[in-house]
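Secondary and tertiary structure notes
Spelled out, the chains give:
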Amino acid sequence: MDTPNTADIVIIGGGVMGASAAYHLAKRGMKNIVLLEKEEFFGTGATGRCAGGVRYQFSTEINVKLSLESLPMIERFREEIGQDVNYRKCGYLLIATYEKDATTFKNNVELQNRLGVPTQFLSGEEVRARLPLMKLEDAMAGTFNPKDGIVDPNSVVAGYISAAQKRGVKAVTQVEVTGICIKGDQVEAVETAQGQIQTHMVLNTAGPWAGRIGQMAGVEIPIVPVRRQMFTTNPLKEIPEDFPFVIDFAQSLYFHREGEGLLIGMSNQNEKPGFDQNVDEEFEFANLEAAIERMPLLERASRASHWAGLYEVTPDAHPIFGGSNLKGFTICAGFSGHGFMHGPVAGKLMSEYVLDGTFSTLDVSMLDLARFEEGRLIKEYNVV
Ligand SMILES: Cc1cc2nc3c(=O)[nH]c(=O)nc-3n(C[C@H](O)[C@H](O)[C@H](O)COP(=O)(O)OP(=O)(O)OC[C@H]3O[C@@H](n4cnc5c(N)ncnc54)[C@H](O)[C@@H]3O)c2cc1C
């Protein structure tokens, strides 16, 4: 498809946020929507490299509420969008090995239960009983919610893109945005390698690259890219089909069933911000050692695949929704490593903001860009 030269809105970035926003804007009847993706395929940024985990277990009310809106949208995805996304409710089991984490877990479960999420608090003994394949002598407590699980990210993006295109959205790949033209205090056009698109409205859904798009518009957006990586194993017959998404919280070490093997990842707390998406082999070895320590049968496992991607990290690990001091420049980015699951509702919220000037499904106005300057940060504890 040729790149159009005018648009009522240009959405920059075809990951889950851009795809969901394009679909929801078109569903509300907006015309002349253009979605630009720099890569050859949609969803090959953070979204296509993510672990696909979806959970209700967060430590802040707003994140739990985002999940309460978004995960049912994923459950209804096939019905609404016509695409199967393979939502596997295996539950997330978070493990605390320090007293302070166990105490915070207890408070988190209280918050989640108050909001209607049936998370259970587990003793160390109960954690060990549920995970007989793992070495967890130091587990002090755990939390488990059976409705958490895993979803296929590529199917979600593909579903939204094709539903958006059916509603007239011009979604194009291999078009990189290189600049934003401004007249007075208003967006005037978007520059691409293939030419200019006249528009008064831009939605920045560039994920880890959102700060760069901000720079093009002279808007400071505090989102930094931080590399995260994972690997998968070949089939392991010992892993039961209902093996949960297990997180050893203190080590940010996680395991979930992937095909007939496991997907294993760990966050490198010393990783410096940057755009490098190559696997750090040395850290992968450290990850493997930590994983074997927790699950000795992995000594016999072989690696099937590995890859790295970028978290899009904000100072308070919460996303940015809404406008900026530049008229027509809006943002939906900065989900800090847990945004795939919130993509469905995030796109819907941005369609409300763009068309009505307000968020009606859920009030996320506190997650505006101005909070960083004004010191209104809301810290999320459950970041992996
Ligand atoms: C290793 C890893 C594991 C993760 N695990 C989970 C998980 O289990 N659960 C979960 O919910 N989240 C997880 N996440 C986080 C999740 O992937 C992100 O929060 C989410 O995908 C962000 O979506 P996005 O659309 O904002 O960004 P992206 O998917 O990165 O999309 C942004 C797009 O913008 C495009 N772009 C950038 N610059 C330009 C430009 N100049 N012109 C045109 N296009 C441009 C990029 O190519 C990209 O496709 C994980 C992330 C990583 C890296």
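Computed from a predicted structure; not experimentally measured.

**Describing the site of the ligand**
- Near the ligand there are 39 residues, and of these Glu37, Ala46, Thr47, Gly53 and Glu312 occur at the shortest range.
- Taking Ala51, its main chain carries an N or O atom lying 3.0 Å from a nitrogen atom of the ligand.
- In this structure, Gly52 approaches the ligand through a main-chain N or O atom, which is 3.4 Å from an oxygen atom.
- For the ligand, whose unbound accessible area comes to 1000 Å², protein coverage reaches 98%.
- Looking at the shell around the ligand, the elements that each hand over two or more residues are α1 (16–27), β13 (224–233) and β17 (303–313).
- No other element matches the four residues that β17 contributes to the shell around the ligand.
- Residues of the shell around the ligand, tallied by class, amount to 19 nonpolar, 13 polar and seven charged.

**Description of the sheet that holds strand β15 (residues 253–258)**
- The strand order across the open sheet built from eight strands is β5-β6-β4-β14-β15-β16-β13-β17, with neighbouring strands paired in mixed fashion. Two strands in the sheet have a free side with no partner beyond their single neighbour: β5 (120–123) and β17. Taking the axes of each pair of neighbouring strands and ignoring which way they run, one obtains an average angle of 20° across the sheet.
- In the sheet, strand β14 (residues 245–248) pairs with β15 via three bridges, with the strands oriented antiparallel.

**Re the pattern of salt bridges**
- On inspection of all chains with the given rule, the structure shows 23 salt bridges.
- Each of Arg227, Glu271, Asp276 and Asp280 takes part in one network of salt bridges that share partners.

**Concerning the sheet that holds strand β10 (residues 186–192)**
- Read from one edge of the open sheet, three strands run β9-β10-β11, paired in antiparallel fashion. Only two strands of the sheet have a single partner each, and these edge strands are β9 (177–183) and β11 (195–198). Between one strand and the next, the sheet's axes are offset by a mean angle of 25°, whatever the strand orientation.
- Here β10 runs beside β11; their pairing, made up of four bridges, is antiparallel.

Thresholds applied
- Residues numbered from 1 in each chain as written.
- Predicted model: local features only at pLDDT ≥ 70, side-chain atom pairs only at ≥ 80, totals over all residues.
- Heavy atoms only, no water.
- Near = heavy atom within 4 Å.
- Polar contact = N/O pair within 3.5 Å; in protein donor to acceptor, adjacent residues only side chain to side chain.
- Areas by Shrake-Rupley, 256 points an atom, 1.4 Å probe, with all protein chains shown as cover.
- Helix = DSSP H or I, 4+ residues; strand = E, 2+ residues; numbered from the N terminus.
- Nonpolar A, V, L, I, M, F, W, Y, C, P; charged D, E, K, R; others polar.
- Pairing = 2+ DSSP bridges.
- Axes fitted to C-alpha atoms, helices over the stretch in contact; angles between N-to-C directions.
- Salt bridge = Lys/Arg side-chain N within 4 Å of Asp/Glu carboxyl O.

On their own, these measurements won't tell you what the molecule is for.
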